[in-house]
Amino acid sequence: MAPTALYEDESVGRRLEEISDAIDEVNVLKAKAKAKEDAERQAQIEAEYDAKSQFDAAKDKTQFRQYETAISRVKNFYREQHEKQTVAYNLAARNWFHSAARVRPELTVWEAIEKLDTLVDESDPDTSLSQIQHLLQSAEAIRRDGKPRWMQLTGLIHDLGKLMVFFEGAQGQWDVVGDTFPVGCRFDERIIYHESFAGNPDSTHPVYSTQYGIYGPGCGLDNVMLSWGHDEYLYHVVKDQSTLPPEALAMIRYHSFYPWHKEGAYRELMEPKDWDMLKAVQAFNPYDLYSKSDDVPKVEELKPYYLELIDEFFPQKKIKW
Ligand SMILES: [Fe+2]
Ligand SMILES: [Fe+2]
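Reading guide: rules and limits
- Residues numbered from 1 in each chain as written.
- Chains lettered and ligands numbered in written order.
- Predicted model: local features only at pLDDT ≥ 70, side-chain atom pairs only at ≥ 80, totals over all residues.
- UniProt positions renumbered as here; feature names shortened; annotations may be inferred.
- Helix = DSSP H or I, 4+ residues; strand = E, 2+ residues; numbered from the N terminus.
- Buried ≥ 20, exposed ≤ 12 C-beta atoms within 10 Å, placed from the backbone.
- Contact = placed C-beta atoms within 7 Å.
- Axes fitted to C-alpha atoms, helices over the stretch in contact; angles between N-to-C directions.
- Parallel < 35°, antiparallel > 145°, perpendicular 65-115°, else oblique.
- Nonpolar A, V, L, I, M, F, W, Y, C, P; charged D, E, K, R; others polar.
- Expected span 1.5 Å × (residues − 1).
- Bend = angle between axes of the 7 residues up to and from the residue.
- pLDDT = per-residue confidence, 0-100.

For the protein, the name recorded in an unreviewed UniProt entry is Inositol oxygenase, with Phialemonium thermophilum as its organism. Heading Catalytic activity (unreviewed entry) of the UniProt record for the protein holds this comment: "myo-inositol + O2 = D-glucuronate + H2O + H(+)". Quoted verbatim from the Sequence similarities (unreviewed entry) field of UniProt, the annotation for the protein is "Belongs to the myo-inositol oxygenase family."

What follows is the structure, given as structure tokens:
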């Protein structure tokens, strides 16, 4: 693959942030819809004692329609992502990442955070929080809950893979952000906007369109090629350059794999240890999704704490990206 530099225009950073935020919004709405479904189920149980709960259930459908209308922008994004994330592209992206000819920029983790944040310096601060704020909010929420230091650090770095837009590792937004899914086997119907896979040539491929495709039952997620994006990229960057535990690496690699960690798809590809990884990713998800409404973190006040935390798990300081 010969990636093209598509990010000369300053407005691209803004667009990336907008689409990324819109995708997060949809995932929040999906989670809300699920919570409302659960509430409806509970309401049905309670209806045996109190009919008023049925009225609440009727309101929920209105909420669901609002969710449907809020997503047109995201829908277009996913159409492109679903059409272009093929086995062929995935192999090309992985070859690019591991290519000896690739010049890998060297930055410390904090430098990487600051670089990613420049994407948002150029955008409207009123519309969304910046990347550094999202990363610090995730980390701070994990810290407040008394979770381990490695998990706090995972919150701090989990989206740094978006840096690939600066390093010419991306073709467009469709291979950086958005939910992820395996390529090389049938696209599960629980993937959001599943219908848009109709335009993906792999969906009619004689092998790739079968349930297991190029994989086998219980082959393990380590052996599954997930669609290329910021999760997969960062996982490959940090797995050999940090002392983070496997659970942290799973949180990074699978945090956008919603069809799996939220919808229950692809369980047939899991090996026993993947169940522990699933537990880890599910434990991480609320801090990614729901911390955005927290107070805006004071970067300079928090920086010393996180610099020490970074040093603890990235002993060689400069990271090859
Ligand atoms: Fe992410
Ligand atoms: Fe995130």
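So that's the structure; there's more coming.
(A) Region of interest: the overall build of the protein. Counting secondary structure elements, the protein contains 12 helices and 2 strands. Listed by position from the N terminus, the elements making up the protein come as α-α-α-α-β-α-α-α-α-α-α-α-α-β. The buried share of the protein, taken over its 321 residues, is 37%. Put simply, of all contacts in the protein between residues at least 6 apart along the chain, 78% involve residues at least 24 apart.

(B) Here's a closer look at the packing of helix α8 (residues 230-238) against helix α9 (residues 246-254). Interhelical geometry of α8 versus α9 gives an angle of 150° and a closest axis separation of 7 Å. Looking at the two axes, α8 sits roughly antiparallel to α9. Across from Asp231, Glu232, Leu234, Tyr235 and Val238 in α8, the residues of α9 making contact are Leu249, Ile252, Arg253 and Tyr254. A breakdown of the residues in the contact of α8 with α9 according to their chemical character gives 6 nonpolar, no polar and 3 charged.

(C) Structural context of helix α12 (residues 299-313). Between the first and last C-alpha of α12 there are 20 Å, a value that for 15 residues agrees with the 21 Å anticipated at 1.5 Å per step. A bend of about 30° at tyrosine 305 is the largest found in α12.

(D) Expanded view of the environment of isoleucine 191. Along the chain, the position of isoleucine 191 falls in the loop between α7 (149-157) and α8. Distance in space between the C-alpha atoms of isoleucine 191 and alanine 265 is 8.4 Å, their sequence separation being 74 residues. If near-sequence neighbours (up to four positions away) are discounted, isoleucine 191 is found in contact with Asp179, Phe181 and Pro259.

(E) Main features of the confidence of the model for the protein. Overall, the predicted model of the protein reaches an average pLDDT of 85, with 83% of residues at or above 70. Mean pLDDT across the elements of the protein bottoms out in helix α2 (residues 52-69) (42) and peaks in α9 (98). Residue range residues 1-7 is modelled with pLDDT below 50. Its contacts to residues more than four positions away, or to other chains, number 17 contacts. In the predicted structure, residues 120-127 sits below a pLDDT of 50 and forms 10 contacts with residues beyond four places in sequence or in another chain.

(F) Region of the structure containing the packing of α7 against α12. Contact geometry for α7 and α12: axes closest at 10 Å, N-to-C directions at 110°. Regarding the angle of α7 to α12, the classification is roughly perpendicular. Contacts from Arg149, Trp150, Gln152, Leu153 and Leu156 of α7 reach α12 at Tyr306, Leu309, Ile310, Glu312 and Phe313. Along the lines of polarity and charge, the residues of the contact of α7 with α12 split into 7 nonpolar, 1 polar and 2 charged.

(G) Expanded view of the environment of isoleucine 319. Structurally, isoleucine 319 can be placed in strand β2 (residues 319-320). According to the C-beta neighbour criterion, isoleucine 319 is buried, with 21 such atoms within 10 Å. Remark: the alpha-carbon pair of isoleucine 319 and glutamate 106, spanning 213 residues in sequence, is separated by 5.3 Å. In contact with isoleucine 319, other than residues within four places in its own chain, are Glu106, Leu107, Thr108, Val109, Val237, Gln241 and Phe314.

(H) Just the environment of histidine 236, in detail. Relative to the helices and strands, histidine 236 resides in helix α8. The class of histidine 236 is partly exposed, set by 17 C-beta atoms lying within 10 Å. Residues histidine 236 and arginine 253 lie 17 residues apart in sequence; the distance between their C-alpha atoms is 8.6 Å.

(I) Spotlight on helix α6 (residues 131-144). Between its terminal C-alpha atoms α6 stretches 20 Å, which fits the 20 Å expected from 14 residues at 1.5 Å a residue. Counting buried positions along α6 gives 12 out of 14 residues, so the element sits mostly inside the fold. All of the buried residues in α6 are Gln131, Ile132, Gln133, His134, Leu135, Leu136, Gln137, Ser138, Ala139, Glu140, Ile142 and Arg143.

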